[in-house]
Every structure is written in C-alpha cells, then in structure tokens.
Amino acid sequence: MSLFPRKNLCSSNLVVIKIGTSSLTGTSGKIDPEKFRKLAEEIFFLVSKKKKQVILVSSGAIAAGSEKLGRLNSLKTIPEKQAAAAVGQNLLMTQYEKAFGAFGTPVGQVLLTRDAIEDRERYLNSRNTIFQLLKFGAVPIINENDTMATEEIRVGDNDNLGALVASLTGADLLILLSDVEGFYKNGKLLPYIDEISKELLDEAKGSSSVVGTGGMETKLQAAKIVLNAGIPMVIASHKKDGIITAILEGIEVGTLFAPKLSKMESKKRWLAHGKKPAGHVVIDDGAKKALLEGGKSLLAVGIKEVKGRFGAGQVIGIFDSSRVELGRGLTNYTSEELSKIKGLKTAQINVILKESAGEEVVHRDNMVIL
C-alpha cells in the first residue's frame, strides 16, 4: 500500500486537465472535431453528475492555425508559430464552443504568460477570473498567449503551464493526457512515483511528441512543481475512452505522481512556483538547520554570500553551501544592503545601516521551503 493510495483521487474536487496537441488532432496533425466532442461529453458528465470543477489547459492553437494557413507541420521559426497561433486560437475556441455547446456548457478563454503568474497582483487577478468562470458554470480553457510571449516571459510548454495553473488555483489533482500510457522506465510502466530523481530525469530526456512541444522531460518538470505544492498528478493516455473518469474513480491507470506533503497555502505556492527569484543567498549550516528543523526565519548572521542584484520585497532563492536550493522568500533587504550586513548580528547591522529592518532577512511567514 502506497502512502498516497489511488482512492484518494476520488475525492478530488478541482481538477486541472492538460490536453496536448496530439489529444486533439488526428494522425495527419489536423484538428479532429470528434476528439473535442468526446472530451466535452466526459467533462460534462464529471461536472453535472459527479459535481467536479474542471479547468482545461489546452494546446492546439498552432496546429489549428498552421492547418488553416496551409502550412501544416512546416513551421520552424517563433514568428511563424506565433502567427499560426494568432489564427488558430480562435479556431481552437470555436471547436471547444461547439463541443461544449452541445451539452449547454459555456467555455471561457484565459491566455497567460509567465509574467502574469510572476506578478502577485496579476496572479491573484488570473486566479479570481478562473474561479469566477467556474462559479458561472463555465469551463475555463487556458493556454499560453503564444502571439505575445517573448523568451523572457514564456512558460514554454503546456505541461509546465498546467502545473503552474494547478498551483495557482490550489487544484486537488493535475492530469496530463499524453500519447503514451504513463512514465516508462526500462520499457516498464511505473504506476507510482513519489520522488523526481536525477535518474528519472535522465530517463526522460530525449522523449518527445511528433506534434507537441513537450516530451516526458517537461512532464517530470511539471510533476516537481505540483508535488512540491502538495498536489498529485497523473500521466495517462488520451487514447482510452473514459480515462479521466477512470482516474477520478481511483482505477490504476497511467502513472500517479504522489505528494509526500499536504497542500501548500496560496501565498507559499506563489513564492515557490509563481515568481522567479531575482537573486539568491548562500547560507551556513547553522542557518540551514534553523530553517529546515527549527522553522525559523532567515537571519543576516547566517548568510555567507549574496548573488545577483535585487531590491527589498523581491523573491530570492536560499541555497546551502553545496549550492542546493532550500527555499525561496521575500527579502527585507536589497542585495547591496545584504552584501554589507551578511554574517552580522542586529547590533552590528544597526551601526552599518541607517535604516535597519532588523536581523530577519526573510521572515518565516514570507518563506517557503522547497
């Protein structure tokens, strides 16, 4: 018996489902309306009969646009793909509107970029919009805003976007529908994983989908995000009818990635996975023990090094002497100030800085341990 049995999935209320391009297209790469219809039918059953709340993170805009433009499977540059997404986004939503409309269910489009998740106010606004759509009885359809995203603000793939949305909303479960049945190691399907080891990551490298942007490596990256947030994840094949229902009935299908910790609170999920650190500090062994075992705040006296340029109030990473990231948090000091007071106690800090925020560089309430 695992520490996180499959039957726990039966009680999942809010479910994020990532639909890959291959789940919505035929073998030729063209959009397949019948796949949309089957998906809508199953989700309608889950929402109306099982009282589940479902959020879709959907790929397919680039595929739909390239088909319309007569350039199927021939796009290479980012501008070409962004242009195809501009054409295809509306076509994709039209397919969803038709499929869900047959069951009297409205859909709402939400386009995100990484900066919308990083900025705390926009993060909360995005979450509020998604929750309001659910209250209205609509199914949120979420995708990355490919037409606007630059390298700096791209999530890059919908596996990771699905994980970020699950973290943003505090979902009970993330399901990644794939063209494979789950995660394979040495040719054998693993039904249960509770730790994303380097060995697993090495096993996943090189896997990819013919029509999608993500492979198994991105799915393991997504698993790391949600497991750290205390949210389970399942990879399963979209080719099996009723697969979502089967997962939510606790049937052993696909690969279950099981969290060891309970779900994080909203603010700490944002600190862990929403905002990219502006810089980081390296701490000594005493500070490490105080954070991990004592549940303490990070003090200036425990800081050995300061890396990067950042202002007060920004998110920074906290690393141990072996350069392993232990946590993240909101700093009370700028990088310039920290460089002056690292390793010092309160009395010494007050002498060096005219305006001191005290010993606490990162308060425990504004910190998350990874």
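Refer to the structure above for everything that follows.
Residues numbered from 1 in each chain as written. Predicted model: local features only at pLDDT ≥ 70, side-chain atom pairs only at ≥ 80, totals over all residues. Heavy atoms only, no water.

A look at the sheet that holds strand β14 (residues 315-319)
Part 1: Pairing within the open sheet is mixed, and its five strands lie in the order β13-β11-β14-β15-β17. On the outer flanks of this sheet lie β13 (303-307) and β17 (367-369), each paired with one strand and no other. On average, adjacent strands in this sheet sit at an angle of 25° to one another, irrespective of strand direction.
Part 2: Bridge analysis of strand β15 (residues 325-330) against β17 gives three bridges, and the strand direction is antiparallel. (Pairing = 2+ DSSP bridges. Helix = DSSP H or I, 4+ residues; strand = E, 2+ residues; numbered from the N terminus. Axes fitted to C-alpha atoms, helices over the stretch in contact; angles between N-to-C directions.)

Overview of the pattern of salt bridges
Part 1: With the rule as written, the count across this model stands at 12 salt bridges.
Part 2: Arg-323 serves as the salt-bridge partner of Glu-305, at 2.9 Å between the closest nitrogen and oxygen. A residue pair is termed long-range when its members are at least 10 positions apart, and Glu-305 in strand β13 and Arg-323 in the loop between β14 and β15 qualify at 18 residues.
Part 3: Note that Glu-325 is salt-bridged to Arg-328, the shortest N-O span being 2.8 Å. (Salt bridge = Lys/Arg side-chain N within 4 Å of Asp/Glu carboxyl O.)

Details of empty space enclosed by the protein
Part 1: Summed over all chains, the structure comprises one cavity of 30 Å³ or more.
Part 2: There is about 30 Å³ of room inside the largest cavity.
Part 3: What lines the largest cavity is Glu-181, Ala-236, Ser-237, Lys-240, Ile-243, Val-253 and Gly-254. (1 Å grid on protein atoms, 1.4 Å probe; cavity = no way out; pocket = protein on both sides within 12 Å on 5 of 7 lines; lining within 4 Å. Points joined across faces, edges and corners; volume = space filled by probe spheres on them.)

Considering unusual backbone geometry
Most of the time, phi is negative for any residue but glycine, and the peptide bond is trans.
Part 1: Of note in this structure, Lys-51 is not a glycine but carries a positive phi near 60°.
Part 2: The topology assignment puts Lys-51 in the loop between α1 (33-48) and β2 (53-58).
Part 3: Given the relative accessible area of 59%, Lys-51 is considered exposed.
Part 4: One non-glycine residue, Asn-186, lies in positive phi territory at about 55°.
Part 5: For Asn-186, the position within the fold is in the loop between β6 (184-185) and β7 (188-189). (Buried < 20%, exposed > 50% of the residue type's maximum accessible area, 1.4 Å probe, protein only.)

Some thoughts on helix α8 (residues 216-228)
An α-helix turns once per 3.6 residues; consequently, residues spaced three or four apart project the same way.
Part 1: With 13 residues, α8 extends 18 Å from end C-alpha to end C-alpha; this agrees with the ideal 18 Å at 1.5 Å per step.
Part 2: Counting buried residues along α8, 10 of its 13 residues qualify, which places the element largely inside the surrounding structure.
Part 3: All buried positions along α8 are accounted for by Met-216, Thr-218, Lys-219, Leu-220, Ala-222, Ala-223, Ile-225, Val-226, Leu-227 and Asn-228.
Part 4: Positioned one or two residues after α8, Gly-230 has a phi angle of 85°, which is positive. (Expected span 1.5 Å × (residues − 1).)

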